[in-house]
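Understanding the architecture of this molecule
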Amino acid sequence: MRTSVRSTAVAVTAASLALFVTACGGGEKGDDEDTGKGAAPSASATSAAPAAEALSAAELEKLIVEQADLPGHQVQKAKAADILKADAVSADKPSCTPLAHAMSAVATGEPGASAQRKAIEVPKTEGATASPEEALGALAAPITSVTLGSYEGQGAQEAFASLKTAGTDCAGGFTLLGGGEKTQITKVAPETVSAGDESLAWTVTTGADGESFVTKLVVFRKGNTLASFSTLSLGGKVEELPKAVIDAQVAKLG
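A brief report on the enclosed structure follows. (Residues numbered from 1 in each chain as written. Predicted model: local features only at pLDDT ≥ 70, side-chain atom pairs only at ≥ 80, totals over all residues. Heavy atoms only, no water.)

1. With respect to the side chain of Arg221
- Positionally, Arg221 belongs in strand S10 (residues 211-222).
- Accessibility expressed as a relative area gives 0% for Arg221, which makes it buried.
- Side chain to side chain, Arg221 and Glu198 meet in a polar contact 2.6 Å long. (Helix = DSSP H or I, 4+ residues; strand = E, 2+ residues; numbered from the N terminus. Buried < 20%, exposed > 50% of the residue type's maximum accessible area, 1.4 Å probe, protein only. Polar contact = N/O pair within 3.5 Å; in protein donor to acceptor, adjacent residues only side chain to side chain.)

2. Points about the pattern of salt bridges
- Under the defined criterion, the tally for this structure stands at 9 salt bridges.
- Between Arg221 and Asp197 there is a salt bridge, with its nearest N and O atoms 3.5 Å apart. On the criterion of sequence distance, the pair formed by Arg221 in strand S10 and Asp197 in the loop between strand S8 (181-191) and strand S9 (198-208) is long-range, its members being 24 residues apart.
- Ionic pairing is found between Glu198 and Arg221, a salt bridge with its closest N-O pair at 2.6 Å. On the criterion of sequence distance, the pair formed by Glu198 in strand S9 and Arg221 in strand S10 is long-range, its members being 23 residues apart. Accessibility assignment for this pair places Glu198 and Arg221 in one class, buried. (Salt bridge = Lys/Arg side-chain N within 4 Å of Asp/Glu carboxyl O.)

3. Topic: the side chain of Ser230
- Here Ser230 shows up in strand S11 (residues 225-232).
- Accessibility expressed as a relative area gives 0% for Ser230, which makes it buried.
- Among the polar contacts listed, one links the side chain of Ser230 to the backbone oxygen of Met103, at a separation of 3.4 Å.

4. A few points about helix H8 (residues 243-253)
- For H8, the full list of buried residues reads Val245, Ile246, Ala248, Gln249 and Leu253. When H8 is viewed along its axis, its buried side chains cluster within an angular range of 165° and face the same direction. Opposite its buried face, H8 presents the exposed residues Lys243 and Ala251, each directed more than 90 degrees away.
- Along its buried surface, H8 packs onto helix H4 (57-63), strand S1 (73-76), strand S3 (113-121), strand S6 (143-150), S10 and S11.
- Directly beyond the C-terminal end of H8, a positive phi value near 80° is found at Gly254. (Arc of directions from axis to C-beta. Contact = heavy atoms within 4.5 Å.)

5. Comments concerning the pairing of S3
- Most of S3 sits inside the fold, with 8 of its 9 residues counted as buried.
- By the bridge criterion, 4 bridges tie S1 to S3 in an arrangement that is antiparallel. Counterpart to Gln76 in the pairing with S3 is Lys118.
- Where S3 and S6 come together, 8 bridges link them in antiparallel fashion. Bridge assignment links Ala115 to a residue of S6, and that residue is Leu148. (Pairing = 2+ DSSP bridges.)

6. Points about helix H7 (residues 155-169)
- Spanning 15 residues, H7 covers 21 Å between terminal C-alpha atoms, matching the ideal 21 Å at 1.5 Å per step.
- Here H7 has its buried residues at Gly155, Ala156, Gln157, Ala159, Phe160, Leu163, Ala166 and Gly167. (Expected span 1.5 Å × (residues − 1).)

7. Some words on empty space enclosed by the protein
- In the structure shown here, the tally under the stated rule is 1 cavity of 30 Å³ or more.
- Approximately 40 Å³ is the volume found for the largest cavity.
- Around the largest cavity, the lining comprises 10 residues; the ones closest to its centre are Ala107, Thr108, Tyr151, Leu226 and Ser228.
- Residue assignment for the lining of the largest cavity shows that the elements contributing at least two residues are S6 and S11.
- Here the lining of the largest cavity is composed, by residue class, of 5 nonpolar, 4 polar and 1 charged. (1 Å grid on protein atoms, 1.4 Å probe; cavity = no way out; pocket = protein on both sides within 12 Å on 5 of 7 lines; lining within 4 Å. Points joined across faces, edges and corners; volume = space filled by probe spheres on them. Nonpolar A, V, L, I, M, F, W, Y, C, P; charged D, E, K, R; others polar.)

8. A few points about the nonpolar core
- By size, the foremost hydrophobic cluster in this structure holds 26 residues, and its most contacted members are Leu99, Phe174 and Trp202.
- Elements supplying a minimum of two residues to this core: strand S2 (89-91), helix H5 (97-103), H7, strand S7 (174-178), S8, S9 and S10.
- Counting residues per element, this core draws most heavily on H7, which supplies 5 residues.
- When near neighbours in sequence (up to four residues on either side) are disregarded, Leu99 contacts Leu163, Ala166, Gly167, Cys170, Phe174, Val188, Trp202 and Leu217.
- In this structure, Leu60, Ala115, Val193 and Leu253 belong to the second largest nonpolar core, which totals 22 residues. (Core = buried A, V, L, I, M, F, W, Y, C linked by side-chain atoms within 4.5 Å.)

If you want it as structure tokens, here you go:
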């Protein structure tokens, strides 16, 4: 039944629903600067370049998307208590945990700081943009969790590489463990996206009671910062990647 599917989707992104209800914000751990796409830098490049330093939570707060950056969306920030810790979310297959983290608004790997936001696409009524209250009540509106992480050294590259591996290893599905629930992911299918220094995207299908629920997942690395986006709709399937949100975040990171 549809209600069960929605409940499962909430479990899949435990942070997503919590942040949807209370608003999304951040101050946990984050990412770091990198070079190249997918492959680790050469030994000579590593020795020649100074080690990247992670940005602070305060610095990330200035770089993450805000209301002014996203017309047509309601951007929210949550209390620190509403943000899941990395050890609160995992997967039955260890290599799939990076995907579980990205889906749950948890910065992948071992960031030095992180920041989170929630961007809710505001539905339009009779040619006019709905009020924030109407937006929050419109469960069919796409809701995108945005997470930035900043890393020291090669941490951002390593986190991105772990997500790339997970996309391949976990294509046939896995069980997400979080929020006291076990959620069955049945398929992780690649999408096409171009952002930052390197990027990845997937359509993640969750099965429940014979029905399916779709989440769009996007990650990109810009220097030593890793950005992840998890988009769902509690009223139906999400058809497209959150291009407006991604573009706004790319612009903020420069």
